[in-house]
Amino acid sequence: SVLHSSSLTTLKTDQHNAWCRISTADGEIIACAVYWPCAGNALHTRARLDFFSQFDVISSANPQCPVVCGGAFNARMATCGDPVWNCEGKELRSCMLRRGLLHVQSDLHVLESGPTRVIPFHMAGGSSKILRSSPDHIICNRSLAALIASSSLFETSLSDHHALTLTLRSRPAGLSH
């Protein structure tokens, strides 16, 4: 969506996370775009630890500000038609719960979609099948949850991951952030 009369300020970036502050006439939102390496290796663990360390610093410096983070966490949490709950998904969920964060797909039920990753898999003998999973997520704090109007899956992608979209409502008059 287009942000009218808005400005964007970069807060922190590294190879896995890009944090920014979006300022609009309605107030400010902290947003983070995420791309963590594939599950099952030390780089994924490092990206998760860095993300939550950064989250803690940024959210404590902006305690009233709505925060939303989304992208390829490469952690499966048995959502959006994906029955798998892997150890990376369990770690992500545990870190979220300790901070009171909400998972848009499962806690708020505003995203009705299929899997976020669909890839053809070619097996020995020439047969193939389509692998479907949901390693992509949107997480937010409670102050942002109240602003969510809808979420959807943008199935036209330039990668094997479909983009998740989030539409926010305008804040009611009188809210400062």
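Here, every reference points to the structure presented above.
Predicted model, so just to flag it, every value in this text is computed and none were measured.

**Description of the overall build of the chain**
At step 1: Counting its secondary structure elements, the chain contains 4 helices and 10 strands.
At step 2: Reading the helices (α) and strands (β) of the chain from amino to carboxyl end gives β-β-β-α-β-α-β-α-β-β-β-α-β-β.
At step 3: Looking at the 177 residues of the chain, the share that counts as buried comes to 41%.
At step 4: Across the chain, contacts joining residues at least 24 apart in sequence account for 56% of those joining residues at least 6 apart.
At step 5: Summed over all atoms, the accessible surface of the chain reaches about 9,400 Å², with 56% contributed by carbon and sulfur.

**Observations concerning unusual backbone geometry**
At step 1: In this structure, Asn-74 takes a positive phi of about 50 degrees despite not being glycine.
At step 2: Of note, Asn-74 is situated in the loop between β4 (67–72) and α2 (87–98).
At step 3: Judged by relative accessible area, Asn-74 falls into the buried class, the value being 8%.

**Concerning the environment of Ala-47**
At step 1: Tracing the backbone through its elements, the reader meets Ala-47 in helix α1 (residues 42–61).
At step 2: The sequence separation of Ala-47 and His-16 amounts to 31 residues, and the corresponding C-alpha distance is 6.2 Å.
At step 3: Not counting the four nearest positions on each side in its chain, Ala-47 is found in contact with His-16, Asn-17, Trp-36 and Pro-37.

**Some words on the nonpolar core**
At step 1: The biggest cluster of nonpolar side chains holds 21 residues, and the ones touching the most others in it are Trp-19, Trp-36, Phe-51, Phe-52, Cys-69, Phe-73 and Leu-92.
At step 2: Looking at this core element by element, the count peaks at 5 residues for α1.
At step 3: Phe-52 has contacts with Trp-36, Leu-92, Cys-95, Met-96, Arg-99 and Leu-101, leaving out every residue within four places of it along the chain.
At step 4: In terms of nonpolar packing, the next biggest core, distinct from the first, is built from 14 residues, Leu-102, Ile-138, Ala-145 and Leu-164 among them.

**A closer look at the pairing of strand β2 (residues 17–24)**
Successive residues of a regular strand alternate their side chains across the two faces of the sheet.
At step 1: With respect to burial, β2 is a largely interior element, 6 of its 8 residues being buried.
At step 2: Summarising the sheet, strand β1 (residues 7–13) and β2 pair through 6 bridges and their orientation is antiparallel. Bridging from a neighbouring strand, Thr-9 pairs with Arg-21 of β2.
At step 3: What sits between β1 and β2 in their antiparallel hairpin is a turn of 3 residues.
At step 4: Here β2 pairs with strand β3 (residues 27–35) via 8 bridges, running antiparallel. Across the sheet, the residue bridging to Ala-18 is Ala-33, located in β3.
At step 5: Between the antiparallel neighbours β2 and β3 lie 2 residues.

**Section: the state of the cysteines**
At step 1: Throughout the structure, instances matching the rule amount to 0 disulfides.
At step 2: With no disulfide of its own, Cys-69 lies 4.8 Å from the sulfur of Cys-32, the closest cysteine sulfur.

**What to know about α2**
Quick reminder: α-helices carry 3.6 residues per turn. Residues three or four places apart thus point the same way.
At step 1: For α2, which comprises 12 residues, the first-to-last C-alpha distance of 17 Å matches the rise-based estimate of 16 Å (1.5 Å per residue) to within 8%.
At step 2: For α2, the set of buried residues is Glu-88, Gly-89, Leu-92, Arg-93, Cys-95 and Met-96. Summarising the axial view, the buried residues of α2 lie within an arc of 165 degrees, below the 170-degree limit, and thus occupy one face. Of the exposed residues in α2, those oriented more than 90 degrees away from the buried face are Cys-87, Leu-97 and Arg-98.
At step 3: For α2, the secondary structure elements touched by its buried residues are α1, β5 (102–103), α3 (104–108) and β8 (136–140).

Reading guide: rules and limits
Residues numbered from 1 in each chain as written. Predicted model: local features only at pLDDT ≥ 70, side-chain atom pairs only at ≥ 80, totals over all residues. Heavy atoms only, no water. Helix = DSSP H or I, 4+ residues; strand = E, 2+ residues; numbered from the N terminus. Buried < 20%, exposed > 50% of the residue type's maximum accessible area, 1.4 Å probe, protein only. Contact = heavy atoms within 4.5 Å. Areas by Shrake-Rupley, 256 points an atom, 1.4 Å probe, with all protein chains shown as cover. Core = buried A, V, L, I, M, F, W, Y, C linked by side-chain atoms within 4.5 Å. Pairing = 2+ DSSP bridges. Disulfide = S-S within 2.5 Å. Expected span 1.5 Å × (residues − 1). Arc of directions from axis to C-beta.

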